[in-house]
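Observations on chain architecture
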Amino acid sequence: MKAKIVLLPGDGIGPEVTAQAVRVMEAVARKFGHEFLFDSKRIGGIAIDETGDPLPQETIDACKSSDAILLGAVGGPKWDDPNAKTRPEAGLLRIRKELGLFANLRPIVTFDELLDSSPLKREIIEGTDILFFRELTGGLYFGPSGTEELPDGQQRAYSTAVYTTNEVERIVRMAALAARKRRGKLTMVDKANVLEASRLWRRISAKIMKEEFPDLEYEVVLVDSMAMHLLSRPKSFDVVVTSNMFGDILTDEASMLPGSLGMLPSASLGSDGPGLYEPIHGSAPDIAGKGIANPLATILAAAMLLRHSLQLDAEATAIETAVKRVLAAGCRTADLAPKGSATLGTVAITDKVLEQL
Ligand code: NAD
Ligand code: IPM
Ligand code: MN
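What counts and what doesn't
Residues numbered from 1 in each chain as written. Chains lettered and ligands numbered in written order. Predicted model: local features only at pLDDT ≥ 70, side-chain atom pairs only at ≥ 80, totals over all residues. Heavy atoms only, no water. Core = buried A, V, L, I, M, F, W, Y, C linked by side-chain atoms within 4.5 Å. Buried < 20%, exposed > 50% of the residue type's maximum accessible area, 1.4 Å probe, protein only. Helix = DSSP H or I, 4+ residues; strand = E, 2+ residues; numbered from the N terminus. Domains from an automatic or database assignment. Contact = heavy atoms within 4.5 Å. Polar contact = N/O pair within 3.5 Å; in protein donor to acceptor, adjacent residues only side chain to side chain. Pairing = 2+ DSSP bridges. Axes fitted to C-alpha atoms, helices over the stretch in contact; angles between N-to-C directions.

Membership of the largest hydrophobic core comes to 67 residues, with the highest contact counts inside it found for Phe36, Phe133, Tyr277 and Leu306. Examining the composition of this core, we find that 9 residues originate from one element, helix 10 (residues 296-308), more than from any other. Counting the residues that make up this core, at least three belong to each of domain 1 (1-111 + 261-357) and domain 2 (129-256). Ignoring anything within four residues of it in the chain, the contact list for Tyr277 reads Ala68, Ile69, Leu70, Leu71, Ser266, Ala267, Leu269, Ala301, Met304, Leu305, His308 and Ser309. Counting residues in hydrophobic clusters, the runner-up holds 18 residues, among them Ile125, Val189, Met226 and Phe246.

This part takes up the environment of Ser117. Summarising the element assignment, Ser117 is placed in the loop between strand 4 (103-109) and helix 5 (122-125). Put simply, Ser117 and Thr350 are 233 residues apart on the chain and 19 Å apart in space, counted from C-alpha to C-alpha. Ignoring sequence-local partners within four residues, the contact set of Ser117 consists of Gly259, Arg332 and Leu336. Within polar-contact distance, the side chain of Ser117 engages the backbone oxygen of Leu336 at 2.9 Å.

Next up on the list: the environment of Tyr277. Inspection of the secondary structure puts Tyr277 in strand 12 (residues 275-279). Linking Tyr277 and Leu300, residues 23 residues apart in sequence, is a C-alpha distance of 9.4 Å.

What follows is about the sheet that holds strand 3 (residues 68-73). Ordered by their spatial adjacency, 10 strands build an open sheet running 2-1-3-12-11-4-5-10-8-9, and the pairing between neighbours is mixed. Of all strands in the sheet, those bounded by a partner on one side alone are strand 2 (35-40) and strand 9 (217-222). Averaged over neighbouring strand pairs, the angle between their axes works out to 25 degrees when direction is ignored. The sheet contact formed by strand 1 (residues 2-10) and strand 2 spans 6 bridges and is parallel. Looking at strand 2, one finds that Ile5 is bridged to Phe38. Packing of helix 3 (residues 57-64) onto the sheet brings it into contact with strand 1, strand 2 and strand 3, and relative to strand 1 it is tilted by some 150 degrees. Strand contacts of helix 9 (residues 244-254): strand 4, strand 5 (129-135), strand 8 (185-190) and strand 10 (239-242), with the helix running at about 150 degrees to strand 5, the strand carrying the most contacts.

If you want it as C-alpha coordinates, here you go:
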(Lines give C-alpha, C1' and ligand atoms only; values in the text may rest on other atoms or scores of the structure.)
(Ligands and ions follow the chains in the order given, each with its own letter.)
Protein backbone atom coordinates (compact mmCIF):
# COMPACT_ATOMS: atom_id res chain seq x y z
CA MET A 1 0.00 0.00 0.00
CA LYS A 2 0.91 3.66 -0.42
CA ALA A 3 0.53 5.98 2.58
CA LYS A 4 1.33 9.60 3.34
CA ILE A 5 2.75 10.01 6.83
CA VAL A 6 3.42 13.46 8.28
CA LEU A 7 6.31 13.63 10.76
CA LEU A 8 6.26 16.24 13.52
CA PRO A 9 9.65 15.72 15.23
CA GLY A 10 9.35 18.82 17.44
CA ASP A 11 11.90 19.65 20.14
CA GLY A 12 14.48 18.09 22.47
CA ILE A 13 14.68 14.32 22.00
CA GLY A 14 11.65 14.50 19.65
CA PRO A 15 13.73 14.54 16.45
CA GLU A 16 16.09 11.85 17.82
CA VAL A 17 13.37 9.31 18.56
CA THR A 18 11.24 10.15 15.50
CA ALA A 19 14.20 9.49 13.19
CA GLN A 20 14.54 6.00 14.67
CA ALA A 21 10.85 5.21 14.24
CA VAL A 22 11.17 6.27 10.59
CA ARG A 23 14.05 3.82 10.10
CA VAL A 24 11.84 1.07 11.48
CA MET A 25 8.85 2.02 9.30
CA GLU A 26 11.10 2.14 6.24
CA ALA A 27 12.34 -1.36 7.02
CA VAL A 28 8.74 -2.54 7.40
CA ALA A 29 7.85 -0.92 4.06
CA ARG A 30 10.69 -2.79 2.33
CA LYS A 31 9.87 -6.10 4.00
CA PHE A 32 6.13 -5.99 3.32
CA GLY A 33 6.21 -4.15 -0.01
CA HIS A 34 4.63 -0.83 0.98
CA GLU A 35 5.44 2.74 0.05
CA PHE A 36 5.40 5.26 2.90
CA LEU A 37 5.85 8.88 1.87
CA PHE A 38 7.22 10.89 4.79
CA ASP A 39 6.74 14.63 5.00
CA SER A 40 8.36 16.44 7.93
CA LYS A 41 6.69 19.58 9.33
CA ARG A 42 7.33 22.03 12.14
CA ILE A 43 5.56 22.09 15.50
CA GLY A 44 6.39 23.39 18.97
CA GLY A 45 9.44 25.42 19.96
CA ILE A 46 11.23 25.04 16.65
CA ALA A 47 8.12 26.33 14.87
CA ILE A 48 7.99 29.34 17.23
CA ASP A 49 11.67 30.09 16.53
CA GLU A 50 11.28 29.84 12.77
CA THR A 51 7.75 31.18 12.19
CA GLY A 52 6.54 32.74 15.44
CA ASP A 53 3.71 30.19 15.62
CA PRO A 54 3.90 26.79 17.41
CA LEU A 55 1.53 25.35 14.78
CA PRO A 56 1.99 27.00 11.37
CA GLN A 57 -0.89 26.70 8.89
CA GLU A 58 1.35 24.69 6.58
CA THR A 59 1.65 22.01 9.27
CA ILE A 60 -2.12 21.87 9.80
CA ASP A 61 -2.73 21.55 6.05
CA ALA A 62 -0.18 18.75 5.67
CA CYS A 63 -1.64 16.86 8.64
CA LYS A 64 -5.19 17.17 7.31
CA SER A 65 -4.23 15.71 3.94
CA SER A 66 -2.19 12.84 5.41
CA ASP A 67 -3.09 9.25 6.24
CA ALA A 68 -1.45 9.45 9.67
CA ILE A 69 0.85 11.61 11.78
CA LEU A 70 3.83 10.66 13.94
CA LEU A 71 4.92 13.19 16.55
CA GLY A 72 8.07 13.26 18.71
CA ALA A 73 7.66 15.82 21.51
CA VAL A 74 7.44 19.55 22.00
CA GLY A 75 8.68 22.03 24.58
CA GLY A 76 11.79 22.82 26.56
CA PRO A 77 13.39 25.35 28.92
CA LYS A 78 14.08 27.77 26.06
CA TRP A 79 10.35 28.44 25.71
CA ASP A 80 9.31 28.06 29.36
CA ASP A 81 9.06 31.75 30.29
CA PRO A 82 5.63 32.07 31.96
CA ASN A 83 5.32 35.55 30.40
CA ALA A 84 5.89 34.34 26.83
CA LYS A 85 3.00 35.12 24.50
CA THR A 86 2.86 31.59 23.13
CA ARG A 87 4.25 28.18 24.06
CA PRO A 88 5.28 25.01 22.19
CA GLU A 89 2.62 23.02 24.03
CA ALA A 90 -0.09 25.28 22.57
CA GLY A 91 0.78 23.87 19.15
CA LEU A 92 0.20 20.32 20.33
CA LEU A 93 -3.13 21.20 21.95
CA ARG A 94 -4.24 22.97 18.77
CA ILE A 95 -3.38 20.12 16.40
CA ARG A 96 -5.36 17.73 18.64
CA LYS A 97 -8.33 20.10 18.54
CA GLU A 98 -8.05 20.90 14.81
CA LEU A 99 -8.11 17.20 13.93
CA GLY A 100 -10.85 16.34 16.43
CA LEU A 101 -8.62 13.79 18.20
CA PHE A 102 -10.80 13.31 21.27
CA ALA A 103 -9.56 9.87 22.27
CA ASN A 104 -6.01 9.27 23.45
CA LEU A 105 -5.30 5.55 23.80
CA ARG A 106 -2.41 4.78 26.12
CA PRO A 107 -1.64 1.08 26.57
CA ILE A 108 0.23 0.21 29.77
CA VAL A 109 1.66 -3.24 29.32
CA THR A 110 4.49 -4.74 31.34
CA PHE A 111 7.07 -6.65 29.33
CA ASP A 112 8.16 -9.90 31.00
CA GLU A 113 11.69 -9.04 29.89
CA LEU A 114 11.58 -5.74 31.80
CA LEU A 115 10.08 -6.75 35.14
CA ASP A 116 13.34 -5.90 36.88
CA SER A 117 13.46 -2.42 35.32
CA SER A 118 10.43 -1.28 37.30
CA PRO A 119 10.90 0.23 40.76
CA LEU A 120 7.82 -1.80 41.78
CA LYS A 121 7.68 -5.40 42.96
CA ARG A 122 7.58 -8.09 40.29
CA GLU A 123 4.60 -9.92 41.84
CA ILE A 124 2.51 -6.76 41.70
CA ILE A 125 3.26 -5.70 38.14
CA GLU A 126 3.70 -9.01 36.30
CA GLY A 127 0.90 -9.46 33.74
CA THR A 128 -0.33 -5.85 33.84
CA ASP A 129 -2.27 -4.97 30.67
CA ILE A 130 -4.26 -1.74 30.91
CA LEU A 131 -5.65 0.40 28.10
CA PHE A 132 -6.23 4.01 29.12
CA PHE A 133 -8.71 6.15 27.19
CA ARG A 134 -7.76 9.72 28.04
CA GLU A 135 -10.25 12.33 26.79
CA LEU A 136 -8.07 14.71 24.77
CA THR A 137 -9.95 17.77 23.50
CA GLY A 138 -11.95 18.96 26.49
CA GLY A 139 -11.83 19.57 30.23
CA LEU A 140 -9.38 21.81 32.04
CA TYR A 141 -7.13 22.02 28.99
CA PHE A 142 -9.71 23.73 26.82
CA GLY A 143 -12.20 25.47 29.15
CA PRO A 144 -12.30 29.24 29.66
CA SER A 145 -9.04 30.50 31.16
CA GLY A 146 -7.35 33.78 31.74
CA THR A 147 -5.53 36.17 34.01
CA GLU A 148 -7.08 39.37 35.35
CA GLU A 149 -5.71 42.35 37.23
CA LEU A 150 -7.53 43.02 40.49
CA PRO A 151 -8.08 46.59 41.78
CA ASP A 152 -5.71 45.95 44.68
CA GLY A 153 -2.87 45.10 42.26
CA GLN A 154 -3.10 41.32 42.64
CA GLN A 155 -3.57 39.02 39.66
CA ARG A 156 -6.28 36.42 39.48
CA ALA A 157 -5.81 33.43 37.14
CA TYR A 158 -8.22 30.63 36.31
CA SER A 159 -8.63 27.50 34.17
CA THR A 160 -12.01 25.83 33.98
CA ALA A 161 -12.96 22.16 33.58
CA VAL A 162 -15.83 22.01 31.11
CA TYR A 163 -17.45 18.94 29.55
CA THR A 164 -20.60 18.44 27.51
CA THR A 165 -22.82 15.35 27.33
CA ASN A 166 -21.57 14.48 23.84
CA GLU A 167 -17.93 14.80 24.78
CA VAL A 168 -18.34 12.34 27.65
CA GLU A 169 -20.60 9.97 25.73
CA ARG A 170 -18.30 9.43 22.77
CA ILE A 171 -15.19 8.64 24.80
CA VAL A 172 -17.01 6.39 27.29
CA ARG A 173 -18.65 4.51 24.43
CA MET A 174 -15.33 4.07 22.62
CA ALA A 175 -13.67 2.81 25.80
CA ALA A 176 -16.54 0.41 26.54
CA LEU A 177 -16.40 -1.02 23.02
CA ALA A 178 -12.68 -1.64 23.53
CA ALA A 179 -13.35 -3.30 26.89
CA ARG A 180 -15.86 -5.62 25.25
CA LYS A 181 -13.13 -6.83 22.88
CA ARG A 182 -10.68 -7.27 25.77
CA ARG A 183 -11.38 -8.64 29.25
CA GLY A 184 -14.77 -7.00 29.67
CA LYS A 185 -14.10 -4.48 32.41
CA LEU A 186 -14.32 -0.69 32.35
CA THR A 187 -13.05 1.58 35.12
CA MET A 188 -14.16 5.21 35.05
CA VAL A 189 -11.99 7.63 37.01
CA ASP A 190 -13.28 11.00 38.21
CA LYS A 191 -13.45 13.39 41.15
CA ALA A 192 -17.24 13.44 41.46
CA ASN A 193 -17.08 14.10 45.20
CA VAL A 194 -15.83 17.61 44.40
CA LEU A 195 -16.09 18.60 40.73
CA GLU A 196 -19.30 19.40 38.88
CA ALA A 197 -17.81 18.27 35.55
CA SER A 198 -16.95 14.91 37.14
CA ARG A 199 -20.56 14.50 38.27
CA LEU A 200 -21.60 14.83 34.63
CA TRP A 201 -19.08 12.10 33.74
CA ARG A 202 -20.49 9.93 36.54
CA ARG A 203 -24.13 10.31 35.43
CA ILE A 204 -23.49 9.84 31.73
CA SER A 205 -21.17 6.89 31.99
CA ALA A 206 -23.49 5.09 34.42
CA LYS A 207 -26.37 5.53 31.97
CA ILE A 208 -24.39 4.35 28.95
CA MET A 209 -23.01 1.35 30.80
CA LYS A 210 -26.45 0.34 32.05
CA GLU A 211 -28.26 0.80 28.76
CA GLU A 212 -25.65 -0.22 26.19
CA PHE A 213 -23.04 -2.32 27.99
CA PRO A 214 -24.81 -4.36 30.71
CA ASP A 215 -22.50 -7.26 29.82
CA LEU A 216 -19.41 -5.39 31.05
CA GLU A 217 -18.08 -5.13 34.58
CA TYR A 218 -18.20 -1.44 35.49
CA GLU A 219 -16.21 0.19 38.27
CA VAL A 220 -15.92 3.82 39.36
CA VAL A 221 -12.83 5.07 41.19
CA LEU A 222 -11.98 8.54 42.48
CA VAL A 223 -8.79 9.90 40.94
CA ASP A 224 -6.82 10.33 44.16
CA SER A 225 -7.61 6.77 45.12
CA MET A 226 -6.78 5.63 41.58
CA ALA A 227 -3.28 7.08 41.92
CA MET A 228 -2.80 4.54 44.70
CA HIS A 229 -4.73 1.59 43.20
CA LEU A 230 -2.67 1.82 40.00
CA LEU A 231 0.38 0.84 42.01
CA SER A 232 -1.27 -1.59 44.42
CA ARG A 233 -3.51 -3.58 42.05
CA PRO A 234 -2.55 -2.75 38.43
CA LYS A 235 -3.58 -6.21 37.23
CA SER A 236 -7.18 -5.60 38.25
CA PHE A 237 -7.64 -2.94 35.53
CA ASP A 238 -8.59 -3.63 31.93
CA VAL A 239 -9.84 -0.46 30.21
CA VAL A 240 -9.73 2.85 32.11
CA VAL A 241 -11.55 5.94 30.88
CA THR A 242 -11.00 9.41 32.30
CA SER A 243 -10.84 13.13 31.58
CA ASN A 244 -7.98 14.97 29.92
CA MET A 245 -6.00 16.14 32.95
CA PHE A 246 -6.49 13.00 35.06
CA GLY A 247 -5.43 10.82 32.11
CA ASP A 248 -2.31 12.90 31.57
CA ILE A 249 -1.18 12.50 35.16
CA LEU A 250 -2.20 8.88 35.77
CA THR A 251 -0.44 7.57 32.66
CA ASP A 252 2.91 9.16 33.55
CA GLU A 253 2.52 7.47 36.92
CA ALA A 254 1.58 4.21 35.20
CA SER A 255 4.80 4.31 33.16
CA MET A 256 6.56 3.02 36.26
CA LEU A 257 4.74 -0.31 35.81
CA PRO A 258 6.65 -1.16 32.61
CA GLY A 259 9.59 0.71 34.11
CA SER A 260 10.12 3.82 31.98
CA LEU A 261 8.31 6.65 30.31
CA GLY A 262 10.49 5.75 27.34
CA MET A 263 8.40 2.60 26.73
CA LEU A 264 4.89 4.06 26.42
CA PRO A 265 3.30 4.83 23.04
CA SER A 266 -0.06 6.45 22.39
CA ALA A 267 -2.63 6.94 19.66
CA SER A 268 -4.88 9.98 19.38
CA LEU A 269 -7.99 9.25 17.36
CA GLY A 270 -11.11 11.06 16.23
CA SER A 271 -14.28 9.81 14.63
CA ASP A 272 -12.66 10.09 11.18
CA GLY A 273 -9.55 11.54 9.53
CA PRO A 274 -5.89 10.83 10.27
CA GLY A 275 -4.76 9.66 13.71
CA LEU A 276 -1.79 11.17 15.54
CA TYR A 277 0.72 8.85 17.19
CA GLU A 278 3.30 9.81 19.76
CA PRO A 279 5.23 8.60 22.77
CA ILE A 280 3.59 9.81 25.99
CA HIS A 281 6.88 11.30 27.22
CA GLY A 282 8.06 14.83 26.57
CA SER A 283 11.13 16.41 25.02
CA ALA A 284 13.39 15.28 27.92
CA PRO A 285 15.64 18.37 27.89
CA ASP A 286 17.91 16.74 30.50
CA ILE A 287 19.09 14.11 27.99
CA ALA A 288 18.43 15.83 24.63
CA GLY A 289 21.35 15.78 22.20
CA LYS A 290 23.19 13.03 24.08
CA GLY A 291 22.04 10.15 21.88
CA ILE A 292 20.79 8.14 24.86
CA ALA A 293 16.99 8.63 24.67
CA ASN A 294 14.93 5.46 24.51
CA PRO A 295 13.29 5.37 21.06
CA LEU A 296 11.10 2.32 21.82
CA ALA A 297 8.02 4.35 22.86
CA THR A 298 8.07 6.12 19.49
CA ILE A 299 8.81 2.89 17.62
CA LEU A 300 5.83 1.29 19.38
CA ALA A 301 3.76 4.39 18.50
CA ALA A 302 4.70 3.75 14.86
CA ALA A 303 3.36 0.21 15.29
CA MET A 304 0.09 1.66 16.61
CA LEU A 305 0.00 3.96 13.57
CA LEU A 306 0.32 1.02 11.19
CA ARG A 307 -2.40 -0.91 13.02
CA HIS A 308 -4.99 1.81 13.67
CA SER A 309 -4.60 4.18 10.71
CA LEU A 310 -3.29 1.91 7.96
CA GLN A 311 -4.88 -1.39 9.04
CA LEU A 312 -1.48 -3.09 8.75
CA ASP A 313 -1.87 -5.54 11.60
CA ALA A 314 0.86 -8.03 10.68
CA GLU A 315 3.32 -5.18 10.17
CA ALA A 316 2.48 -3.67 13.58
CA THR A 317 2.88 -7.05 15.25
CA ALA A 318 6.23 -7.52 13.50
CA ILE A 319 7.52 -4.31 15.11
CA GLU A 320 6.17 -5.23 18.55
CA THR A 321 7.69 -8.69 18.33
CA ALA A 322 11.04 -7.26 17.27
CA VAL A 323 11.01 -4.90 20.28
CA LYS A 324 10.22 -7.79 22.65
CA ARG A 325 13.06 -9.85 21.20
CA VAL A 326 15.52 -6.99 21.61
CA LEU A 327 14.53 -6.68 25.26
CA ALA A 328 14.68 -10.45 25.71
CA ALA A 329 18.23 -10.36 24.35
CA GLY A 330 19.11 -8.04 27.24
CA CYS A 331 19.48 -4.82 25.22
CA ARG A 332 18.69 -1.77 27.35
CA THR A 333 18.81 1.99 26.96
CA ALA A 334 20.01 3.92 30.02
CA ASP A 335 16.50 4.57 31.38
CA LEU A 336 15.88 0.79 31.65
CA ALA A 337 19.25 -0.48 32.79
CA PRO A 338 20.49 -0.90 36.36
CA LYS A 339 23.09 1.77 37.26
CA GLY A 340 26.56 0.88 36.07
CA SER A 341 25.49 -1.82 33.59
CA ALA A 342 26.12 -1.67 29.84
CA THR A 343 23.61 0.32 27.81
CA LEU A 344 22.82 1.04 24.18
CA GLY A 345 22.18 4.47 22.71
CA THR A 346 19.19 5.63 20.68
CA VAL A 347 20.59 4.52 17.32
CA ALA A 348 22.22 1.31 18.57
CA ILE A 349 19.05 -0.10 20.14
CA THR A 350 17.16 0.72 16.93
CA ASP A 351 19.84 -1.19 14.99
CA LYS A 352 18.93 -4.21 17.16
CA VAL A 353 15.23 -3.76 16.38
CA LEU A 354 16.07 -3.63 12.67
CA GLU A 355 18.13 -6.83 12.97
CA GLN A 356 15.14 -8.59 14.55
CA LEU A 357 12.81 -7.32 11.82
P1 NAD B 1 9.64 14.45 30.03
O2 NAD B 1 8.68 13.37 29.72
O3 NAD B 1 10.24 15.15 28.88
O4 NAD B 1 10.83 13.84 30.91
C5 NAD B 1 10.62 13.30 32.22
C6 NAD B 1 11.81 12.41 32.59
O7 NAD B 1 11.76 11.20 31.83
C8 NAD B 1 13.16 13.05 32.28
O9 NAD B 1 14.08 12.70 33.26
C10 NAD B 1 13.54 12.43 30.97
O11 NAD B 1 14.93 12.36 30.73
C12 NAD B 1 12.92 11.05 31.05
N13 NAD B 1 12.53 10.57 29.72
C14 NAD B 1 11.47 10.97 28.99
N15 NAD B 1 11.44 10.36 27.82
C16 NAD B 1 12.51 9.54 27.78
C17 NAD B 1 13.05 8.64 26.82
N18 NAD B 1 12.46 8.43 25.63
N19 NAD B 1 14.18 7.97 27.12
C20 NAD B 1 14.78 8.14 28.29
N21 NAD B 1 14.34 8.97 29.26
C22 NAD B 1 13.22 9.66 28.99
O23 NAD B 1 8.90 15.46 30.99
P24 NAD B 1 9.34 16.92 31.53
O25 NAD B 1 10.81 16.92 31.76
O26 NAD B 1 8.44 17.19 32.63
O27 NAD B 1 9.00 17.89 30.33
C28 NAD B 1 9.95 18.40 29.41
C29 NAD B 1 9.24 19.18 28.31
O30 NAD B 1 8.48 18.28 27.51
C31 NAD B 1 8.25 20.23 28.83
O32 NAD B 1 8.42 21.37 28.02
C33 NAD B 1 6.90 19.61 28.60
O34 NAD B 1 5.88 20.55 28.37
C35 NAD B 1 7.15 18.79 27.38
N36 NAD B 1 6.25 17.64 27.20
C37 NAD B 1 5.85 17.40 25.93
C38 NAD B 1 5.07 16.29 25.65
C39 NAD B 1 4.64 16.04 24.25
O40 NAD B 1 5.15 16.66 23.35
N41 NAD B 1 3.70 15.15 24.02
C42 NAD B 1 4.74 15.42 26.69
C43 NAD B 1 5.18 15.68 27.98
C44 NAD B 1 5.96 16.81 28.23
C1 IPM C 1 1.19 14.77 26.95
C2 IPM C 1 1.81 16.09 27.35
C3 IPM C 1 0.93 17.22 26.86
C4 IPM C 1 -0.41 17.12 27.59
C5 IPM C 1 1.50 18.64 27.02
C6 IPM C 1 2.88 18.76 26.45
C7 IPM C 1 0.60 19.64 26.39
O8 IPM C 1 2.04 16.14 28.72
O9 IPM C 1 0.96 14.55 25.74
O10 IPM C 1 0.96 13.93 27.81
O11 IPM C 1 -0.51 17.55 28.75
O12 IPM C 1 -1.34 16.60 27.00
MN1 MN D 1 1.77 14.23 29.73
